[in-house]
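Chain by chain, the residues run as shown.
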Amino acid sequence: MSKKITQQEELQKQIRKDALRKNWKLFSQSKLGMIGLYIVCFFLFLALLQPFLFITGIWNPAIYDPVVGYDQIKAELLVIECPKEYPTEKYESYSDCPGPGEVNIKKLYMAPDLKVGEYYDTFIQPAPPSKTHLLGTDSLGRDIFSQIMEGSQVAFVLGLLSATLGVGISTILGTIAAFFGGRVDAYLMRQSDLILMLPSLPLLFIISAFAELKVWHLAVVLGVLGGLGGSVITIKSQALQVKVKPYVDSARITGGSKWQILFQHILPNVAPLALLFMVFSVTGAIASESVLSFLGLLNIDMSWGIMIYLSQTDGFIFSGLDFWWLILPAGLAVTFLAGGFYLVGRGLDEVFNPRLRKR
Amino acid sequence: MKKNVIEVKNLEKYYEISRGLFSRDKGEVKAVDNISFEIPQGESLGLVGQSGCGKTTTARSLCLLDPKTNGDVKFLNPETQEMESIDDLDDEELKKFRRNIQMIFQDPYESLNPRWTIKDIILEPLNIHNIGNLLDREEAVREILTTVGLTPPENYMPRYPHELSGGQRQRVSIARTLIMKPKFVVCDEPTSMLDVSIRISIMDLMLNLANDLDISYLYITHDLAVARYMCNRIAVMFNGKIVEIAETEELLKNPVHPYTKRLISSIPVPDPKYKRVEYKLNFDELDEIIIKNPDKAMVDIGNEHYIATHNVKDILY
Amino acid sequence: MGKEVLVVNKLNMHYETLDGPVAAVKDVSFVLNEGESFGLVGESGCGKTSVAMSLLQLQADNAKISSGSIKLEGKELVGMTENELRTVRWDGISIVFQGAMNAWNPVAKIGEQIREAIREHRPDNTKEENTKKIEELFNIVGLDNSVMDRYPHELSGGMKQRAIIALALSCDPKVVIADEPTTALDVVIQDQILKELKKVQDLLGLSLIYISHDIAVIAEMTDNMAVMYAGSVVEMGPTANIFSKPKHAYTRLLLESTPSVVGERKKLRSLDGEPPSLINEKKGCSFSPRCPEPTKECKNQELDMKLVEVSKGHFADQCCVNCG
């Protein structure tokens, strides 16, 4: 008897393994999905790399901490005096003087003993990328690469938390609306319509005015808003399709109670669609955070949005490519990770939706 | 005198069509329009009709999936051996009653939950009604899988529906339906979506099980030939009403109602040499019967053969 | 005996899938003569619809004809370019699909949709000529001229099906393929449509290929037929001969597993198991695993599938000719 049971368990494990392998094969067929997966894995690696570097001591937190680290980068600048009229041999126009590696003696109020031709030691912040700081430092001397990694952590936590919460809420509400119908359904649909109508960004502004939003708070707010909105309607329509399938009728005829049918039949068949939604809503969460941080509405220590916000308040945002390391890494990180999750969602869509398959 | 397993009297199922928010005039679609029949224990009745005639609606009403509008439906209570109406039952009693009424569906691809294993699918009725302990239940699943021809059962129990063929899935449906040993099973065209060569094996399985377990079928189909193979009696349905009901061979040899005659004469015959006779609609015989029996809805013309007397001329033409 | 209108010779078609090539049509050959109707019967997955699609070169993107020839009145269709094929389709061969009732565009009138088909092949016709043609067609299939101005949702299933037949005939094709044209219809309407098709065939001298899983319909509608199993033809010949003296075990099983409303009530036979997976092509007869009484050679898979002539014009696969 027990031999038969273990045989069955073995067979069951084998079947599950086969199913996973088949799903992976399908997912790996999708080029977009694989690209997305690589991108997400890369940022996950970055997120996990930072604590690893600190714990193993490769990085000194005093210098490399993204919030309180500080590196004094000194440089020697040649003291010159800028001419009154332009163009000259060396300088084309007013803005070319002083050039790189030079400082105008008229600007050196704090060093009265220096003369033209001598060298002046100063700190340069923000410093461009160098051997010690792969992506340079910001205007407070903090390592940009470390900040990117910190931002990656924030993005993952925020994205996955809000997505899970949102999808959990919308799945339960959508299934209840489909299953019970009548007034419950009518109420939930009107609620969804209301949330859909509200412009999300201004709403977030208002909320941030009343409450101090840290990462966790923002995750909850985004999750709840997302969960009560349009996805309830889509999940409901999927649940409705399941509700009329013969196997649900069969369960009813056999005598199953409403709750048994809801949890054992309908929810498991709505889950794949919900998973898909989850992946897509991570994209939205990451993008929302960067917008809100950029506008200075959040109380987060460090994230990609904060990086861009700081570069704007410090006035570097319009400096073109002169201080590119202050803007480009953060901006590209947001774009790529949000896009990466979206592509993973596209790839998953082909696994769950057989009609999209090309073969 | 055999007891009846189900008695249906004046069953009606209407759907209301509301003609707008402000219109008082509400129309009705009579999906099932006053039908009556009985099925004795161990016998099967075929409900034959074309799409839209109301046979599936009838099935769903009898299985208590959609509530009926009117009518008296009585089932044989196996404990008390008395005919009881389902209307007066409370939830507890209703659940117990459901052990005795089951349905086998048409689509083998949609009638099993794709996320459940075969074992769980067949276990579900036992779990819902809390029969026996876990070991007993597992043993029962194994037994019924063997009975329906899916052997060895251990190979099938951990699998998922999509790994099985259409015929195998229908066998699983049958296993699940019969594990509770119901006395009355409604079969909604269970073989129409299967390959022709496997149909007979499924039908033979159902016939054998009916014999062994003393089950009565209400077999719904549009195919008169299949109804002939499976049922003792056949009721022909049209437009929500039963137009003719008789023993199978009697119906095929002596059809009386013009609709039945037209139906039988339209069926292609698998013999190139057989010349089918075209039937031209002729209401004389029906009119005679109506004149002789002015007040009756169904007329007994002898030999347990009943004809409906309502006027179908306009619809058939 | 009319002349040969369509000659299919050793047609092979396979689908390319994630799990490897799936052979859907294996070495299928048959001849359609002028004015005759030819039946293709078999169960799901036997390849009959694949054959129909190949004839019109309408197969899916991942389907490829690996070898064989299809000659319509002497012209070779395999290897034609898409432009050449467009002149052949509807003009030379047309098709009535399964579920064809849903093939109508719901937002265009019936008449306009038929006109579109005619315009494609007879661009020089005037509007009046086309209207007259459609009226003729409707007359043949038993539809009133007013149907031209109706939308598909205004017609019943039977009327839509007749209109589909009119559409298939609109460019005077030589060959019409009917792929289960009456599956979704009531048996009374099916009877009417089948009678209509026969009448049309006699009137226009059409050659008809009738595809179905229902052997009763094949018995009534066809002069010659072929039985297909797992992509190959297992028996082929005049319909009357095959029904009276079926030679192949599978054919015999098909005939003995069909219940009928006429005649004596008899015990019917059935088949166990499943059709074989078409992915890994095995040697030998594809039916022998399920044959109720195979000969020794069949069981050992020693014989390859090959049609041999058992009587004049009547062919059966050499393996199961001697079986159960």
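Note that this is a predicted model, so its numbers are computed, not measured. (Residues numbered from 1 in each chain as written. Chains lettered and ligands numbered in written order. Predicted model: local features only at pLDDT ≥ 70, side-chain atom pairs only at ≥ 80, totals over all residues.)

**Side note on the overall build of chain A**
Item 1. Within chain A one finds twelve helices and three strands.
Item 2. For chain A, the C-alpha radius of gyration of 28 Å lies well beyond 21 Å, the compact-globule estimate for 359 residues.
Item 3. With respect to the principal axes defined by its C-alpha atoms, chain A has extents near 100 × 50 × 40 Å.
Item 4. Buried residues in chain A amount to 36% of all 359 residues.
Item 5. For chain A, the proportion of contacts with a sequence separation of at least 24, taken over those separated by at least 6, is 72%. (Helix = DSSP H or I, 4+ residues; strand = E, 2+ residues; numbered from the N terminus. Rg over C-alpha atoms; globule rule 2.2 N^0.38 Å. Buried ≥ 20, exposed ≤ 12 C-beta atoms within 10 Å, placed from the backbone. Contact = placed C-beta atoms within 7 Å.)

**Concerning the overall build of chain C**
Item 1. Within chain C one finds ten helices and twelve strands.
Item 2. Against the globule reference of 20 Å for 324 residues, chain C gives a C-alpha radius of gyration of 21 Å, in line with a compact fold.
Item 3. Overall size of chain C, expressed as C-alpha extent along the three principal axes, is 65 × 50 × 40 Å.
Item 4. Burial statistics for chain C: of 324 residues in total, 45% are counted as buried.

**Here we look at the interface of chain B and chain A**
Item 1. Counting residues at the interface gives 22 residues for chain B and 21 residues for chain A.
Item 2. Counting residues per element, the ones that place at least two in the side of chain B that touches chain A are strand E6 (101–104) and helix H3 (118–128) of chain B.
Item 3. A class-by-class count of the residues in the side of chain B that touches chain A yields ten nonpolar, four polar and eight charged. (Nonpolar A, V, L, I, M, F, W, Y, C, P; charged D, E, K, R; others polar.)

**Here we look at the pairing of strand E9 (residues 224–229) of chain C**
Remark: a regular strand shows side chains that alternate across the two faces of the sheet.
Residues and elements named next belong to chain C.
Item 1. Burial analysis of E9 places six of its six residues in the buried class, the great majority of the element.
Item 2. Because side chains alternate across E9, one face comprises the buried residues Asn224, Ala226 and Met228, and the other comprises Met225, Val227 and Tyr229, equally buried.
Item 3. Direction of pairing for strand E3 (residues 37–41) relative to E9: parallel, over a ladder of four bridges. Following the sheet pairing, Leu40 is matched in E9 by Ala226.
Item 4. The turn joining E9 and strand E10 (residues 232–238), which pair antiparallel and follow one another in sequence, is formed by two residues; a positive phi near 50° is taken by Ala230. (Pairing = 2+ DSSP bridges.)

**Description of helix H3 (residues 110–121) of chain C**
All names here are of chain C.
Item 1. Taken together, the buried positions of H3 are occupied by Ile110, Gly111, Ile114, Arg115 and Ile118. Around the axis of H3, the buried residues are gathered within 125° of arc, so they sit on the same side.
Item 2. Residues of H3 that are buried in the fold lie against helix H4 (127–141) and helix H5 (157–169). (Arc of directions from axis to C-beta.)

**A few points about the environment of Ile114(C)**
Item 1. By the secondary structure assignment, Ile114(C) is in helix H3.
Item 2. Taking the C-alpha atoms as reference points, Ile114(C) and Met101(C), 13 residues apart in sequence, are found 14 Å from one another.

**Remarks on the pairing of strand E4 (residues 63–72) of chain C**
Residue and element names in this part refer to chain C.
Item 1. Bridging between strand E1 (residues 4–17) and E4 involves eight bridges; their strand directions are antiparallel. Following the sheet pairing, Asn9 is matched in E4 by Ser69.
Item 2. As paired strands, E4 and strand E5 (residues 75–76) are joined by two bridges and run antiparallel to one another. Looking across to E5, one finds that Lys71 is bridged to Glu76.
Item 3. Following E4, the chain reverses through two residues before pairing antiparallel with E5; Glu73 in that reversal takes a positive phi of roughly 50°.

**Side note on the domain arrangement of chain A**
Item 1. Segmenting chain A into domains produces domain 1 (27–54 + 142–356) and domain 2 (74–123).
Item 2. Placing the centre of domain 1 of chain A and that of domain 2 of chain A at their C-alpha centroids yields a distance of 51 Å. (Domains from an automatic or database assignment.)

**Thoughts on the interface of chain C and chain B**
Item 1. Of the residues lining the interface, 31 residues belong to chain C; the matching set on chain B comes to 30 residues.
Item 2. Secondary-structure elements contributing two or more residues to the side of chain C that touches chain B are helix H6 (187–204), helix H7 (215–221), helix H8 (239–244) and helix H9 (249–256) of chain C.
Item 3. With five residues, the single largest contributor to the side of chain C that touches chain B is H7(C).

**Here's the deal with the sheet that holds strand E3 (residues 119–123) of chain A**
Residue and element names in this part refer to chain A.
Item 1. Sheet architecture is open: three strands sit in the order E2-E1-E3, paired in mixed fashion. Edge positions in the sheet fall to strand E2 (102–104) and E3, since each has one partner strand and no second. Neighbour-to-neighbour, the strand axes of this sheet turn through a mean angle of 45°, independent of strand direction.
Item 2. Pairing analysis gives three bridges linking strand E1 (residues 74–80) to E2, with the strands arranged parallel. Residue pairing in the sheet places Leu78 in a bridge with Glu102 of E2. (Axes fitted to C-alpha atoms, helices over the stretch in contact; angles between N-to-C directions.)

**Considering the sheet that holds strand E12 (residues 306–308) of chain B**
All names here are of chain B.
Item 1. As summarised here, the arrangement of the eight strands in space is E6-E7-E8-E3-E9-E10-E12-E11, forming an open sheet in which the pairing is mixed. Both outer strands of the open sheet, E6 and strand E11 (298–300), are each paired with one neighbouring strand and no more. This sheet shows a mean twist of 20° between the axes of neighbouring strands, independent of strand direction.
Item 2. The pairing of strand E3 (residues 45–48) with strand E9 (residues 233–238) spans four bridges and is classified as parallel. When the sheet's bridge partners are listed, Gly46 is paired in E9 with Ile234.

**Points about the confidence of the model for chain C**
Item 1. Mean pLDDT over chain C works out to 84, with 95% of the residues at or above the 70 mark.
Item 2. The least confident element of chain C, judged by mean pLDDT, is helix H10 (residues 296–299) of chain C at 70; the most confident is E3(C) at 93. (pLDDT = per-residue confidence, 0-100.)

**Quick notes on the packing of helix H4 (residues 144–180) of chain A against helix H7 (residues 215–228) of chain A**
Helix-helix packing is described using two parameters, namely the angle between the two axes and the distance between the axes.
All names here are of chain A.
Item 1. As a packed pair, H4 and H7 sit with axes 7 Å apart at the nearest point and diverge in direction by 35°. At the point where H4 passes H7, the crossing takes the right-handed sense. Facing Val154, Val157, Leu158, Leu161, Ser162, Leu165, Gly166, Val167, Gly168, Ile169 and Ser170 of H4, the residues of H7 in contact are Val215, Leu218, Ala219, Val220, Leu222, Gly223, Val224, Gly226, Gly227 and Leu228.
Item 2. A per-class count over the contact of H4 with H7 returns 14 nonpolar, seven polar and no charged. (Left-handed = near helix turned anticlockwise from the far one by under 90°.)

**Some details on the environment of Val28(C)**
Item 1. Looking at the secondary structure, you find Val28(C) in strand E2 (residues 20–33).
Item 2. When sequence neighbours within four positions are dropped, the list of residues in contact with Val28(C) reads Val8(C), Leu11(C), Val51(C) and Val233(C).

**Re the nonpolar core**
The nonpolar side chains of a soluble globular protein tend to be buried, and buried together.
Item 1. Core analysis: the biggest nonpolar cluster contains 240 residues, and Leu218(B), Val236(B), Ala166(C) and Ile177(C) have the highest contact counts within it.
Item 2. It is helix H10 (residues 258–294) of chain A that provides the largest number of residues to this core, a total of 15 residues.
Item 3. Ignoring anything within four residues of it in the chain, the contact list for Val236(B) reads Val48(B), Gly49(B), Ile242(B), Val243(B), Glu244(B), Tyr259(B), Thr260(B) and Leu263(B). (Core = buried A, V, L, I, M, F, W, Y, C linked by C-beta atoms within 7 Å.)

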